[in-house]
Amino acid sequence: NCVEIPGKWWRNFWTKATLRVCNRVIAQTKDQQKLLRQNLGVPSVVFPSVIELSKFNGAENVTFASRDIDVLWVGTIEPRKGIENFLNLAEMTPELTFSAIGGPAVGGRNYFNEIRDRANRLDNVYMGGFVEPDQVVLWMKRSKSLLHTSVPVHAGLTKEGFPNVFLESWAS
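Just so you know, the residues in each chain are numbered from 1, in the order the chain's sequence is written. Totals for whole chains, interfaces and linings use all residues, but because this is a predicted model, local features are given only for residues with pLDDT of at least 70 and pairs of side-chain atoms are given and counted only at 80 or more. Only heavy atoms go into the side-chain values, all of them from the structure, while hydrogens and water stay out.

(A) Quick peek at the pairing of strand β3 (residues 71–74). When a residue's accessible area, from a 1.4 Å probe over protein chains only, is under 20% of the maximum for its type it is buried; when over 50% it is exposed; and in between it is partly exposed. Only DSSP runs of H or I covering at least 4 residues are called helices, and only runs of E covering at least 2 are called strands; the numbering of each starts at the N terminus. Residue alternation in β3 divides its side chains into two sets, Val-71 and Trp-73 and Leu-72 and Val-74, and both sets are buried. One requirement defines pairing of two strands: DSSP has to find at least two bridges between them. One ladder, built from four bridges, connects β3 with strand β4 (residues 98–101); its direction is parallel. Counted as the bridge partner of Trp-73 is Ala-100 from β4. Look down the strands so they point away from you; if going from the first strand over the helix to the second traces a clockwise path, that crossover is right-handed. Once the chain exits β3 it traverses helix α3 (residues 83–92) before rejoining the sheet at β4, and the crossover so formed is right-handed.

(B) How the structure looks around the nonpolar core. Residues Ile-77, Ile-83, Phe-86, Leu-87, Ile-115, Val-125 and Met-127 are the most contacted members of the largest nonpolar core, which totals 16 residues. Elements that contribute at least two residues to this core include exactly β3, α3, β4, α4 (109–120) and β5 (125–129). In contact with Ile-77, not counting residues within four places along its chain, are Ile-83, Gly-102, Gly-103, Pro-104, Ala-105, Tyr-111, Phe-112, Ile-115 and Met-127. Side-chain atoms within 4.5 Å link the members of a nonpolar core, which is a set of buried Ala, Val, Leu, Ile, Met, Phe, Trp, Tyr and Cys residues. Contacts are residue-level and defined by heavy atoms, with any inter-residue pair within 4.5 Å sufficient.

(C) Here's a closer look at the confidence of the model for the protein. Overall, the prediction assigns the protein a mean pLDDT of 88, with 97% of residues at 70 or greater. pLDDT runs from 0 to 100 and stands for how confident the predictor is about each residue. Ranking the elements of the protein by mean pLDDT puts helix α6 (residues 164–171) last, at 82, and β4 first, at 98.

(D) Quick look at the side chain of Asn-124. Relative to the helices and strands, Asn-124 resides in the loop between α4 and β5. Whenever a nitrogen or oxygen atom comes within 3.5 Å of another N or O atom, the pair is scored as a polar contact, on the condition that within protein one atom can donate a hydrogen and the other can accept it, and that pairs from neighbouring residues in sequence are kept only if both atoms are in side chains. Here Thr-93 takes part through its backbone oxygen, which lies 3.2 Å from a polar atom of the side chain of Asn-124. Beyond its immediate stretch of four places on either side in the chain, Asn-124 contacts Ala-90, Thr-93, Pro-94, Leu-96, Thr-97 and Phe-98.

(E) Region of interest: the environment of Lys-144. Position of Lys-144 among the secondary structure elements: in the loop between α5 (136–142) and α6. By relative accessible area, Lys-144 is classed as partly exposed at 31%. When the C-alpha atoms of Lys-144 and Thr-29 are compared, they prove to be 28 Å apart, with 115 residues separating the residues in sequence. Residues contacting Lys-144, with those up to four places away along its chain left out, are Phe-64, Arg-67, Ile-69 and Asp-70.

(F) The pattern of salt bridges, seen in detail. The salt bridge criterion pairs a side-chain nitrogen of Lys or Arg with a carboxyl oxygen of Asp or Glu, the two atoms within 4 Å. Tallied over the full model, the rule gives six salt bridges. For Glu-4, the salt bridge identified is with Lys-16, shortest N-O distance 2.5 Å. With Glu-4 in the segment before α1 (9–20) and Lys-16 in helix α1, this pair connects stretches of sequence that are 12 residues apart. By relative accessible area, which is 23% here, Lys-16 ends up partly exposed. Across the salt bridge formed by Arg-80 and Glu-78, the nearest N and O atoms sit 3.3 Å from each other. On the basis of relative accessibility, which here comes to 27%, the residue Arg-80 falls in the partly exposed class. The exposure class of Glu-78 is buried, given its relative accessible area of 16%.

What follows is the structure, given as structure tokens:
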């Protein structure tokens, strides 16, 4: 929520009001910090995302050839995450195995159900549903690649900071 969204006066108002009464606003990157200041008039401190590397011990012992998931997708199942692109790719490459883990966004059960139903029609896609954060590493150890599909939602911005899932994937 670093930019105002055209035509969403109330949403923009509440975002600004909420952020301005906070004792401290944390940004994940200097770019996010700059956007908060420029677009919303909110000062922030940068606190980079970090992961606990010890959780990923042993991932290097899993050979690439033994990994049974060709393409893994991780995230909340909501439109801004672009999971439709994951499903489109799965449709174009039926020889690969695709797995997605993540649950619905708050208030997004209908969208989640639509995505799950579409995925269930594809023989090469498995929807794992919500996974506890400490279990993500188990899925990463099984996968050959990570697909990240977040889409721009306004002015070319995705509303994502630097996704922790990239760090988790690299550690795996």
